[in-house]
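Chain residues, written in single-letter form:
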Amino acid sequence: MEITAGTLYVVGTPIGNLADMTFRGVQVLQNVDLIAAEDTRHTGRLLQHFQIKTPQISYHEHNRSSRIPELLQHLNNNKSLALVSDAGIPGISDPGYELISACISKGISIVPLPGACAAITALSGSGLPTDRFIFEGFLPTKRKQRQQILESLQGETRTLIFYESPHRLRETLEDFVAVFGENRHCVVAREITKLYEEFWRGSLKEAISLYQEKQPQGEYTLILEGTSPNQTQLSEAQLKIELRTLIAQGVSRSQASRELAKLTSISRRQLYQLALDIKIAEEK
């Protein structure tokens with residue numbers, strides 16, 4: 001395969017099963033001058049499997065600022081470079097996009113190669129709508145920031161895709177329930193393309209029950225159905241009016257929030273907070 005000098009090749013790698021590596025990807029890695037890898041030890045195992053002798057250089061989250069000028073110089077010296085991540089398409093939930101952006105700003109040619117992607121693979125097997133979707137990747141580790149992002153997605157009608165690690169899965173599912181409601185349908189895809197690949201489908205409430213009994217293991221892709229376009233969309237003032245009406249009828253704040261959550265895209269937790277605000281206003 002002919003490689004163009006001074007070009008950055010963005011090469012997708014397997015997300016688990018090494019047989020998912022493309023023929024073209026192998027050819028590019030065999031023929032470029034250098035491979036920029038997120039983890040050279042991890043990529044080394046891939047290169048050994050396909051008997052690729054091309055030298056590597058590390059490029060990851062912690063050295064990107066110092067490494068980008070060095071890689072740009074390599075390309076400016078009329079050398080070719082392949083960018084790979086630990087798994088999947090570079091630039092998806094990793095710092096690859098910064099190198100790609102830097103190359104574009106310097107007029108360096110970019111050649112992206114297709115390959116495995118956990119988000120798309122999980123979506124294709126989820127059974128949820130695939131015609132319109134959004135990818136959120138990993139949510140912030142700080143809970144307040146995570147909740148703010150989720151709350152901004154409450155009215156989203158497109159299918160939602162998230163990545164999550166095993167030690168945060170339970171907490172994330174609980175946050176989903178708090179914002180989207182316990183009846184929202186979800187798909188939990190685990191260890192995609194690997195030996196213990198698993199697709200679980202059900203409600204968020206059922207997912208929480210499952211992982212209260214089952215220890216999360218492996219890497220997860222979470223697919224969440226969007227809100228129904230037919231659900232009632234009300235302003236905060238209108239929501240308070242509806243809550244005040246229900247409370248005046250003798251319904252508890254908790255029950256009023258639960259009932260209204262069924263009719264809107266707003267979570268019971270947020271509605272309950274609005275119900276508390278109503279009480280505070282009445283007491284003043």
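Residues numbered from 1 in each chain as written. Predicted model: local features only at pLDDT ≥ 70, side-chain atom pairs only at ≥ 80, totals over all residues. Heavy atoms only, no water.

**Observations concerning the side chain of serine 58**
So, point 1. Structurally, the position occupied by serine 58 is in strand β3 (residues 56-58).
So, point 2. A distance of 3.2 Å separates a polar atom in the side chain of serine 58 from a polar atom in the side chain of asparagine 63. (Helix = DSSP H or I, 4+ residues; strand = E, 2+ residues; numbered from the N terminus. Polar contact = N/O pair within 3.5 Å; in protein donor to acceptor, adjacent residues only side chain to side chain.)

**Remarks on the pairing of strand β10 (residues 220-224)**
Each regular strand carries side chains that alternate between the two faces of the sheet.
So, point 1. Taken across its 5 residues, β10 has 5 buried, putting it largely inside the fold.
So, point 2. Residues Tyr220, Leu222 and Leu224 line one face of β10 and the alternating positions Thr221 and Ile223 line the opposite face, and both faces are buried.
So, point 3. Relative to β10, strand β7 (residues 159-164) runs antiparallel, the two being bridged by 5 bridges. Paired with leucine 160 across the strands is leucine 224, a residue of β10.
So, point 4. Two elements, strand β8 (residues 185-190) and β10, share 5 bridges in a ladder whose sense is antiparallel. Looking at the pairing, valine 187 lines up with isoleucine 223 of β10. (Buried < 20%, exposed > 50% of the residue type's maximum accessible area, 1.4 Å probe, protein only. Pairing = 2+ DSSP bridges.)

**So, the packing of aromatic side chains**
So, point 1. The final tally for this structure, using the stated rule, is 5 aromatic pairs.
So, point 2. Residues phenylalanine 135 and tyrosine 163 carry aromatic rings whose centres are separated by 5.0 Å and whose planes lie at 70° to one another, so their mutual orientation is edge-to-face. Pair noted here: phenylalanine 135 is in strand β6 (residues 133-138) and tyrosine 163 is in strand β7, with a separation of 28 residues, a long-range link.
So, point 3. Given a relative accessible area of 10%, tyrosine 163 falls into the buried group.
So, point 4. Among the aromatic residues, those joined into a cluster by ring pairs are Phe135, Phe138 and Tyr163. (Phe/Tyr/Trp six-rings, centres within 6.5 Å; stacked < 30°, edge-to-face > 60°.)

**A few points about unusual backbone geometry**
So, point 1. Positive phi is not limited to glycine here, since asparagine 78 has a value of about 65°.
So, point 2. Mapped onto the elements, asparagine 78 comes out in the loop between α3 (64-76) and β4 (81-84).
So, point 3. Relative accessible area serves as the criterion here: at 54%, asparagine 78 is assigned to the exposed category.
So, point 4. In the Ramachandran plot, serine 93 falls in the positive-phi region, its phi being about 60° despite a non-glycine side chain.
So, point 5. One can find serine 93 in the loop between β4 and α4 (96-105).

**With respect to the sheet that holds β8**
So, point 1. Reading across the sheet, the 5 strands line up as β6-β7-β10-β8-β9 and stay open at both edges, with mixed pairing between neighbours. At either end of the open sheet lies a strand with only one pairing partner, and these are β6 and β9 (198-203). The sheet shows a mean angle of 15° between the axes of neighbouring strands, direction not considered.
So, point 2. The strands that helix α7 (residues 169-180) touches are β7 and β10; relative to β10, the one it contacts most, it runs at about 10°.
So, point 3. Its contacts with the sheet place helix α8 (residues 204-213) against β8, β9 and β10, and it is angled at close to 125° to β9. (Axes fitted to C-alpha atoms, helices over the stretch in contact; angles between N-to-C directions. Contact = heavy atoms within 4.5 Å.)

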